[in-house]
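Here's the letter readout for the chains.
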Amino acid sequence: MGKRVGIEVSLAVSHAVMLADVDVIAAYPITPQTHIVEHLSELVADGLLDAEFIPVESEHSAMSTSVGASAAGARTFTATSSQGLALMVEIMYIASSLRLPIVMAVANRALSGPISIWNDHGDMMLSRDTGWIQTVAENGQEVFDLVLHAYRVAEDPRVMLPMIVNLDGFTLSHMIEPIEFLSQEEVNKYLRPYRAPIRMDPENPITMGPVGMPEVYTEAKKAQDEALKNSKKVIIEAWKEFGDLFGRYYSPVETYRMEDAETAILILGSLAETAMTAVDKMRDKGKKVGIIRPRLFRPFPADEIVEAVKNVKNLAVIDRAVALNGMGGPLSFEIRSVLYDANLHPYLKNYIAGLGGRDVTVDDFSDIVSDIESCAQKGVKPEYTIVNVRE
Amino acid sequence: MAKETGIISWKELPLGCAILEPGNASELRTGDWRSQHPVTDFDKCIQCGNCYIYCPDMAYVQNEEGFYEVDLYHCKGCGICVRECPKNAIKMVEEGH
Ligand code: SF4
Ligand code: SF4
């Protein structure tokens, strides 16, 4: 097992990418992702990573270049945030439909406007249906591990899909955390060299990205949808293998103190750690509270969520983004949909919190739990709410 | 993918809908799109080859005598050849006539 190093999480991402021995990095700097790419350019310049570092003129080009590189059979990395991701979206759909195993780190940041460089999950939600596999990290160690896991999954011949590792901008990307690194020998046991099943090769010409006539478009989308759904077993298998090799086991949905929980907080990302502190305090006072944290976001881990939720009375779904459709936060729609199919009816209330870098404190979580419990007791119709908004 | 009919199961599609066989666009029956087809009056034709050059589907094939004959598997009926023929040798005719 490697040694523990105190390091900025962004640099740990770059280090993981170096250990993955990528061939091509095409990226454009944008806050709060910049340090990842900046450090990668240093690693390449210093000769520590033998890769093509392609500085592009926009994120649209970053994703287009990544598509080209991956189509040629190169192990490819890119990273972005917020508006950068928005600019990539057009080509992200192309990458997933072409089944190119590009890995991208997204340092999550609010979408404009107003312009905000700070953290929320607006960008994650923007890209939620682009056909990319997505995982969401809680802490620096997880980010490091998930980047390696992403290459293992994305390039599996049974998967062949691009993959995003989400990490909260600033609250994760810019934190210095103790991280246990893996050595190159250890990583080599986990990641095999990438062999593209089909690729652009002048010796064997093929066409990638042809027009899909009405006779074929439906079948193409069906094949893509099945590939995404079927990736889940490989995702789980790759986590198991990671755990067997390095001792850190991961699952699609993490639960915390859910044993006898009557109220659960369902949340994505690093804010779950703040929620843990709140839950510990509430547990000390005898409240039966727990946390459900999906680590896998795409494909959506419906079965695991049902399993985690099945005995709770109250479910506080925390969204770090507001969907401007009059229905609340995007995560809440998905959770409701999963519960409907499972015929589960906890008292579900959607709390939209931590938009554009607004702090969410331990006390805020205690307030959320008190609020949902009192609303449920009074039998009030649960309506989504924006936490701590000034009236 | 670009098989003549394109009617295959999603399970048979190559990864990412790629076309693994170069040049197989010629198998696509663009002739299906047609509502009219060109008919050439070889008595007027001077064998200039304009129809052959301008046809977007390369549907004209030169025969042994040097005349350009239309291949209706590929002709999509756009009528460009009619416009480009300097001798007004080509006419569009409704399908089924
Ligand atoms: S009608 Fe159009 S497609 Fe048909 S032969 Fe003439 S130019 Fe070609
Ligand atoms: S364009 Fe007209 S004249 Fe020229 S080869 Fe074709 S049919 Fe003949």
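Scroll up for the structure.
Cut-offs applied
Residues numbered from 1 in each chain as written. Chains lettered and ligands numbered in written order. Predicted model: local features only at pLDDT ≥ 70, side-chain atom pairs only at ≥ 80, totals over all residues. Heavy atoms only, no water. Pairing = 2+ DSSP bridges. Helix = DSSP H or I, 4+ residues; strand = E, 2+ residues; numbered from the N terminus. Axes fitted to C-alpha atoms, helices over the stretch in contact; angles between N-to-C directions. Contact = heavy atoms within 4.5 Å. Patch = residues over 30% accessible without salt bridge, like charges linked within 9 Å, V, L, I, M, F, W, Y side chains within 5 Å. Areas by Shrake-Rupley, 256 points an atom, 1.4 Å probe, with all protein chains shown as cover. Salt bridge = Lys/Arg side-chain N within 4 Å of Asp/Glu carboxyl O. Near = heavy atom within 4 Å. Nonpolar A, V, L, I, M, F, W, Y, C, P; charged D, E, K, R; others polar. Phe/Tyr/Trp six-rings, centres within 6.5 Å; stacked < 30°, edge-to-face > 60°. Buried < 20%, exposed > 50% of the residue type's maximum accessible area, 1.4 Å probe, protein only. Lys, Arg positive; Asp, Glu negative; His and termini not counted.

## Observations regarding the sheet that holds strand S12 (residues 296-298) of chain A
Residue and element names in this part refer to chain A.
Alright, step 1. As summarised here, the arrangement of the seven strands in space is S3-S2-S4-S5-S7-S6-S12, forming an open sheet in which the pairing is mixed. Because the sheet does not close on itself, it has two edges, and the strands there are strand S3 (52-55) and S12. Taking the axes of each pair of neighbouring strands and ignoring which way they run, one obtains an average angle of 20° across the sheet.
Alright, step 2. Of the pairings in the sheet, the one linking strand S5 (residues 103-108) to strand S7 (residues 163-168) comprises six bridges and is parallel in character. Pairing of Met104 across the sheet is with Ile164, part of S7.
Alright, step 3. Helix H6 (residues 140-154) rests against strand S4 (76-80), S5, strand S6 (133-136) and S7 of the sheet, and its axis sits at about 170° to S7.

## Some thoughts on a nonpolar patch on the surface
Alright, step 1. A cluster of nonpolar residues, Val322, Leu324, Ile386 and Val389 of chain A, forms a patch on the protein surface that exposes about 370 Å² of accessible area.
Alright, step 2. Note that Val389 of chain A resides in the segment after strand S15 (385-386).

## Quick notes on the site of ligand 1
Alright, step 1. Around ligand 1, the structure places 13 residues, and the nearest of them are Cys55, Cys75, Cys78, Gly79 and Cys81 of chain B.
Alright, step 2. Class assignment of the residues belonging to the shell around ligand 1 gives a composition of 10 nonpolar, two polar and one charged.

## A word on unusual backbone geometry
Alright, step 1. Gly113 of chain A connects to Pro114 of chain A through a cis peptide bond whose omega is 5°.
Alright, step 2. As for its placement among the helices and strands, Pro114 of chain A is situated in the loop between S5 and helix H5 (122-126).
Alright, step 3. Following Arg298 of chain A, the chain continues into Pro299 of chain A via a peptide bond in cis, with omega recorded as -5°.
Alright, step 4. With respect to the helices and strands, Pro299 of chain A occurs in the loop between S12 and helix H10 (302-309).
Alright, step 5. Unusually for a residue other than glycine, Cys17 of chain B sits at a positive phi of about 65°.
Alright, step 6. Of note, Cys17 of chain B is situated in the segment before strand S1 (36-40).

## A word on the packing of aromatic side chains
Two aromatic rings, taken as a pair, are described by how far apart their centres are and by the angle between their planes.
Alright, step 1. Counted according to the given criterion, the structure contains eight aromatic pairs over all chains.
Alright, step 2. Pairing Phe297 of chain A with Phe300 of chain A gives two aromatic rings, centres 6.3 Å apart and planes at 80°, and the pair type is edge-to-face. Residues Phe297 of chain A and Phe300 of chain A agree in their burial class; the two are buried.
Alright, step 3. Between the aromatic rings of Phe42 of chain B and Phe67 of chain B, the centroid separation amounts to 4.8 Å while the plane-to-plane angle is 40°, which identifies the pairing as tilted. One end of the pair, Phe42 of chain B, is in the loop between S1 and helix H1 (50-54); the other, Phe67 of chain B, is in the loop between strand S2 (60-62) and strand S3 (68-70), and 25 residues separate them in sequence.
Alright, step 4. Given a relative accessible area of 30%, Phe42 of chain B falls into the partly exposed group.
Alright, step 5. Ring pairs connect the aromatic residues Tyr190, Phe242, Phe246 and Tyr250 of chain A, which therefore count as one cluster.

## A few points about the side chain of Arg99 of chain A
Alright, step 1. Position of Arg99 of chain A relative to the elements: it lies in the loop between helix H4 (82-97) and S5.
Alright, step 2. An unpaired buried charge is present at Arg99 of chain A: no salt bridge exists, and Asp156 of chain A, the closest side chain of opposite charge, is 9.1 Å distant.
Alright, step 3. Those residues in contact with Arg99 of chain A, other than ones at most four positions away along the chain, are Val159, Met160, Leu161, Ala223 and Ala227 of chain A together with Leu15 and Gly16 of chain B.

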